[in-house]
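Examination of the molecular architecture
Single-letter residue listing:
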Amino acid sequence: MAFYRSTVLVSVDPVCVEKGAYELIDTLNDELIKQGLIDEVRILETTRLGDPQKLGPDIIVYPEGTHYTNLTYYDIPRLVEEHFIKGRILKQYAAKMQDAIDEELSAPKSKEVRVVLRNVGVIDPRNIEDYIANDGYQALGKVLTEMSPEDVIQEILDAKLRGRGGAGFPTGLKWRFARQAAGDIKYIVCNADEGDPGAFMNRRVLEGDPHSVIEGMIIAAYAIGSQQGYIYCRAEYPIAVSTMNLAMKQARALGLLGKNILGTDFSFDLEMRMGAGAFVCGEETALMASIEGSRGEPRTRPPFPAQKGLWGKPTNINNVETYANVPPIILRGAEWYSTMGTEKSKGTKTFALAGDVKNTGLIEVPFGITLREIIFDIGGGIKNDKKFKAVQTGGPMGGCLPEHLLDLPVDYETLGQAGSIMGSGGMIVMDEGTCMVDIARFFLEFIQDESCGKCAPCRLGTHRLLEILEGICNGQGKEGDIEELQDLCEQIRKNSLCGLGQGAPNPVISTLEHFMDEYKAHIEEKRCPAKVCRNLIKYEIQDGPCTGCTVCARNCPVSAITGERKQTHVINQDICIKCGICYQVCQFEAIKVI
Amino acid sequence: MAEQKFAENEVVELVTKIVTSIGTTRGDLIPILQKVTNELGYISQEAIQQISVLLKLPTKEITSVATFYRMLSTKPHGRHIVQFCESAPCHIAGGREVFSALKEALNLEPGETSADNKWTFYTTSCLGVCGVGPVILIDTEIHGNVTPDQIPSILGRYE
């Protein structure tokens, strides 16, 4: 590796690119050539360095660690002259340290343990040498020279690694099934179709540490005896796709992919396949149908992919996070790995914390940590000093858990017993201002939209569930609705073809179980306790605080508000469409939601 | 986004070029349709005919795949595609108000294209930038932390 005096990291986050990050890089490159510094200063593209909306385009110059923000290409000549020639920091662009926060992934908090995210934000993802310098591809070397395929499978079994896509099936067992399946041609697939709303853990791994996934896949290929693999990545992640493509190219150039890897007689190569915007393709059989060029519809299992997968051949399919766990397990051993976690769930799990929590973003914690520790210690508690109401784990097919279940340890079994799922790791925190019936309706809307339509319980059942929930939210709830919801949920869960339909009732079942009083208030009293459902609330102007400033009346789109200047105004409830604009524009908090 | 109409022979030529660069197996079908959508703006009947000839697949097979995926379109689009993220984190962060403001500003329902062919409006599943919700994607540009009153100025940036 060449020696450089300085390294400039340039954020090529989508927002920074929009604001001209590439023009910046071009100008910087030209200027460094002009000043004869190009052999001394290295430019690296990286993911976001701070809040790109506020700070982008931004760069960090190492070894000093100076963070320059809000740059444009015409600032560059001066920056090069001052910083690199005269050695002075250009104060006008240098950010204060506290501004430079990666909203998605901050420095590890005290209860976090980073295994999967070990390199994310630390190495340059577009440079394979950075990964190799951090023990990258050492596990592959160990596997190819010291271990038999059976040894590799045993190590993964001993580590008790379970599938991180959500279902938690033992990875080693899956590999063994694929290894034992008859046939010469076998495939390895990486499920990078991370579609759960609010979950972006896999995106950051693909964008920030692509080689850990590639290395994990090569090791899996060696273990089951496969020569060809596919990465199926959703098209909504263009940067992840380009980073992975570049990483594969670099790995190929160094003989880590392709024929005779590391000089052995083992050959394996990878291909990228992009999704086309169908949530159900995250389901493994639908995903494989999509790679084969068909509609992404699931099929019944068995036969499982390990017996009959892609093009009818034995196929091993794991999620991004599962593969990223493989190299550290091989390198540091199953014993080390299984010191983390609970009896049945070993290791760590990444979560994307979102919603009404103070610190949103990506975290990685050992299994067994409680929801309370995640939300209050790591997440910093609820925003705006409001009260906690529920946490939804596992994406749209997960359940909503209330306050009294917060001390449960997070592992596959416990979350399942509590009526939710581990899922891929989305975690949405909701405060007291959230209506749980509305949330159930919202998730059903998503699921109903994404149902592929192949099987009737899911296609028709979710449609009917949604109709009833919409009725309840609109104030048309009636006696018997709750019983019908419960019955439908049971039928859909039992009779649907794939995980999407089987999990579809979870948001309804869990909110019915833990927030029955809210359903009853909607149905029996026609009241929305959280004051969210429009047809069940009304806006009223309070006599005392109203100063008669007329702002509300002037902003009302349907002219429902009347009143003289400096007199208390009145909302005509027959005309009011409950848009809430008056509530937002009132400066005196005179408008109350009832 | 491609707005100009392509003549039939141009479509045939373009599709042939795309198929040659990708391949003619069944597994190549979706990458081909993605490329056609990107270059033609949508998958026209002529394009389906030509793919059918080159891949030796019935046109109904191709249509069935092309209509299954959200990102493949068999209908022409407007010059700009506005996509609103309808996922839970954006919903909780005030997405509902942004959605109504956007619908009103565009005067379109999801799936519609404006009469002047400027806008096509869609809702989209999670874009994975939940830290800055609510999020709108216009063509390939992401706008985050959007509030209802920013909508006119955001839309105003597009010709």
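**Points about the overall build of chain B**
Scanning chain B from N- to C-terminus turns up six helices and four strands. Moving toward the C terminus, one meets the helices and strands of chain B in the order α-α-α-α-β-α-β-β-β-α. Dimensions of chain B, computed from C-alpha atoms along their principal axes, come out at roughly 50 × 30 × 25 Å. For chain B, the residues scored as buried account for 40% of the 159 residues in total. Contacts in chain B between residues at least 24 apart in sequence constitute 64% of all its contacts with a sequence separation of at least 6.

**Thoughts on the packing of helix 6 (residues 138–146) of chain A against helix 10 (residues 210–224) of chain A**
All names here are of chain A. The interhelical angle for the contact between helix 6 and helix 10, taken along N-to-C directions, is 10 degrees, at an axis separation of 9 Å. With respect to each other, helix 6 and helix 10 are oriented roughly parallel. Here helix 6 contributes A139, L140, V143 and L144 to the contact with helix 10, which in turn contributes E215, I218, I219 and Y222. By residue class, the composition of the contact of helix 6 with helix 10 is seven nonpolar, no polar and one charged.

**Description of the packing of helix 2 (residues 21–34) of chain A against helix 4 (residues 76–85) of chain A**
To characterise two packed helices, one gives the angle between the axes of the helices and the distance between these axes. Residue and element names in this part refer to chain A. For the pair helix 2 and helix 4, the least separation of the axes is 9 Å and the interaxial angle reads 50 degrees. Between helix 2 and helix 4, the interaxial angle falls into the category oblique. Helix-helix and strand crossings are classified by hand; for helix 2 and helix 4 the assignment is right-handed. Of the residues in helix 4, those in contact with L24, T27, L28, E31 and L32 of helix 2 are I76, P77 and V80. Taken together, the residues that form the contact of helix 2 with helix 4 break down as six nonpolar, one polar and one charged.

**Thoughts on the confidence of the model for chain A**
When the pLDDT values of chain A are averaged, the result is 91; 98% of them are 70 or greater. Element-level pLDDT for chain A is lowest in helix 3 (residues 52–55) of chain A, with a mean of 80, against a maximum mean of 98 in helix 10 of chain A.

**Digging into the interface of chain A and chain B**
Between chain A and chain B, the contact holds 35 residues from the first and 29 residues from the second. Those elements that place two or more of their residues in the side of chain A that touches chain B are helix 1 (14–18), helix 12 (284–291), strand 9 (348–355) and strand 13 (426–431) of chain A. Broken down by class, the residue content of the side of chain A that touches chain B amounts to 16 nonpolar, 11 polar and eight charged.

Parameters and conventions
Residues numbered from 1 in each chain as written. Chains lettered and ligands numbered in written order. Predicted model: local features only at pLDDT ≥ 70, side-chain atom pairs only at ≥ 80, totals over all residues. Helix = DSSP H or I, 4+ residues; strand = E, 2+ residues; numbered from the N terminus. Buried ≥ 20, exposed ≤ 12 C-beta atoms within 10 Å, placed from the backbone. Contact = placed C-beta atoms within 7 Å. Axes fitted to C-alpha atoms, helices over the stretch in contact; angles between N-to-C directions. Parallel < 35°, antiparallel > 145°, perpendicular 65-115°, else oblique. Nonpolar A, V, L, I, M, F, W, Y, C, P; charged D, E, K, R; others polar. Left-handed = near helix turned anticlockwise from the far one by under 90°. pLDDT = per-residue confidence, 0-100.

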